[in-house]
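Fold and geometry: a report
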Amino acid sequence: MVQAIVTDIEGTTSSLSFVKEVLFPYSARQLPGFVRVHGQQPEVRRLLDEARQVAGGALDDEQLVATLLRWIEEDRKLGPLKGLQGLLWEAGYRQGDFQGHVYEDVPRRLREWRERGLRLYVYSSGSVYAQKLLFGHTRFGDLTPLFSGYFDTGVGGKRETASYAAIVRELGLPAAQVLFLSDVREELDAAAAVGLRTGCLTRGEGPTVDPGPHPVAQSFDDVQP
Ligand SMILES: CSCCC(=O)C(=O)COP(=O)(O)O
Ligand SMILES: [Mg+2]
């Protein structure tokens, strides 16, 4: 019996186009000015230094910004980039430049599952901070009270089995009592390899995914935990 649901964001609760056509371009536009103005703040400095290390070189700030912009273009799921993006998006959400996109079935089904006593979690490559911003600023209001916790690549990459092992340890549940929802076959394979139940979301956006052995759902209405 499923006791907890862990959900991906991009392509699962939220549209690919929101992430790729709104969030990523916004972060690319804001990044150079943000680094100029806030680059000496301790949290920003720490993330920039971490990014410099990942880039593997003694880059000055201008070169580093160029590298970060390339990473955004390439959709690299790198911790320091994701940390910086969260800080960049904060202003956008707070100023009302955009809202966090979630499909209409998402808040409805999350509420139903919560009322049934299921615990709900997010696991995304976006930073925990960015996850909370997205779910905190939707057209359905603040959805963050529905979630019991959030995971980002601090637990490991989404295609690595060890990440899902770490998540179920953290949840304190047997893997078979945890359902992981995602639109990416490799993520579902990694979760299933350590015994989680899986659901493959096919929202009809982006390239067709071969779901392999994972049960398919076109929306959260098709997910039967
Ligand atoms: C947390 S919102 C931004 C989503 C993001 O930055 C991203 O890379 C999407 O990753 P996901 O693991 O949710 O597919
Ligand atoms: Mg996804």
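Here the structure is a predicted model, which is why all the values come from computation and not from measurement.

**A look at the packing of aromatic side chains**
Evaluated as defined, the whole model comprises 11 aromatic pairs. Here Tyr93 and Phe98 contribute two aromatic rings whose centre-to-centre distance is 4.8 Å and whose plane-to-plane angle is 75°, an arrangement assigned as edge-to-face. Here Tyr93 and Phe98 have matching classes, each one buried. Between the aromatic rings of Trp113 and Phe220, the centroid separation amounts to 5.4 Å while the plane-to-plane angle is 35°, which identifies the pairing as tilted. With Trp113 in helix H5 (residues 105–115) and Phe220 in the segment after strand E6 (216–217), this residue pair connects regions lying 107 residues apart in the sequence.

**Some words on the layout of surface pockets**
What the largest pocket holds in volume is close to 820 Å³. Lining the largest pocket are 40 residues; nearest its centre among them are Glu10, Leu16, Lys77, Asp183 and Val184. Put simply, the parts of the chain that give the lining of the largest pocket at least two residues each are helix H1 (16–38), helix H4 (79–95), helix H6 (128–136) and helix H8 (185–193). It is H1 that contributes the most residues to the lining of the largest pocket, five residues altogether. Considered class by class, the residues forming the lining of the largest pocket number 13 nonpolar, 12 polar and 15 charged. Considered as a void within the structure, the second largest pocket measures approximately 150 Å³ in volume. Every residue lining the second largest pocket is listed: Leu179, Leu181, Arg197, Thr198, Gly199, Pro215, Val216, Ala217, Asp222, Val223, Gln224 and Pro225. Of all elements in the fold, only strand E4 (178–182), strand E5 (197–201) and E6 reach the threshold of two or more residues within the lining of the second largest pocket. Sort the elements by how many residues they give to the lining of the second largest pocket and E5 lands first, with three residues. Classifying every residue of the lining of the second largest pocket gives seven nonpolar, three polar and two charged.

**Concerning the pattern of salt bridges**
Within this structure, the stated rule accounts for 22 salt bridges. The salt bridge involving Arg45 is made with Asp49; its shortest N-O contact spans 3.8 Å. Taken together, the positions of Arg45 and Asp49, both in helix H2 (residues 42–55) and four residues apart, correspond to about one turn of that helix. According to the relative accessible area criterion, Arg45 is buried, its value standing at 19%. Accessibility expressed as a relative area gives 36% for Asp49, which makes it partly exposed. The partner of Asp221 in a salt bridge is Arg108, with the nearest N and O atoms 2.8 Å apart.

**Digging into the nonpolar core**
As a rule of thumb, soluble globular proteins bury nonpolar side chains together. One finds Leu23, Leu68 and Trp113 to be the most contacted residues of the largest nonpolar core, which totals 50 residues. Of all the elements in the fold, those that place two or more residues in this core are H1, H2, helix H3 (61–73), H4, H5, strand E2 (119–123), H6 and E4. Among the elements that make up this core, the one with the highest residue count is H1 (eight residues). Not counting residues up to four positions away in its chain, the partners in contact with Trp113 are Ile5, Leu118, Leu120, Leu181, Phe220, Val223 and Pro225. Judged by nonpolar contacts, the second largest core, of 18 residues, contains Tyr123, Val168, Leu171 and Cys200.

**Considering unusual backbone geometry**
With phi around 55°, Asp75 is a residue other than glycine that occupies positive phi space. Residue placement: Asp75 occurs in the loop between H3 and H4.

**Overview of the pairing of E5**
Of all five residues making up E5, four are buried, and the element is well covered by its neighbours. Pairing between E4 and E5: four bridges, direction parallel. Bridge pairing in E5 links Ser182 to Cys200. You can see the chain leave E4, run along H8 and come back into E5, and the turn it takes is right-handed. As judged from the two bridges shared by E5 and E6, these two strands associate in the parallel manner. Across the sheet, Cys200 pairs through a bridge with Val216, a residue of E6.

Definitions and cut-offs
- Residues numbered from 1 in each chain as written.
- Chains lettered and ligands numbered in written order.
- Predicted model: local features only at pLDDT ≥ 70, side-chain atom pairs only at ≥ 80, totals over all residues.
- Heavy atoms only, no water.
- Phe/Tyr/Trp six-rings, centres within 6.5 Å; stacked < 30°, edge-to-face > 60°.
- Buried < 20%, exposed > 50% of the residue type's maximum accessible area, 1.4 Å probe, protein only.
- Helix = DSSP H or I, 4+ residues; strand = E, 2+ residues; numbered from the N terminus.
- 1 Å grid on protein atoms, 1.4 Å probe; cavity = no way out; pocket = protein on both sides within 12 Å on 5 of 7 lines; lining within 4 Å.
- Points joined across faces, edges and corners; volume = space filled by probe spheres on them.
- Nonpolar A, V, L, I, M, F, W, Y, C, P; charged D, E, K, R; others polar.
- Salt bridge = Lys/Arg side-chain N within 4 Å of Asp/Glu carboxyl O.
- Core = buried A, V, L, I, M, F, W, Y, C linked by side-chain atoms within 4.5 Å.
- Contact = heavy atoms within 4.5 Å.
- Pairing = 2+ DSSP bridges.
- Right-handed = clockwise from strand over helix to strand, strands pointing away.

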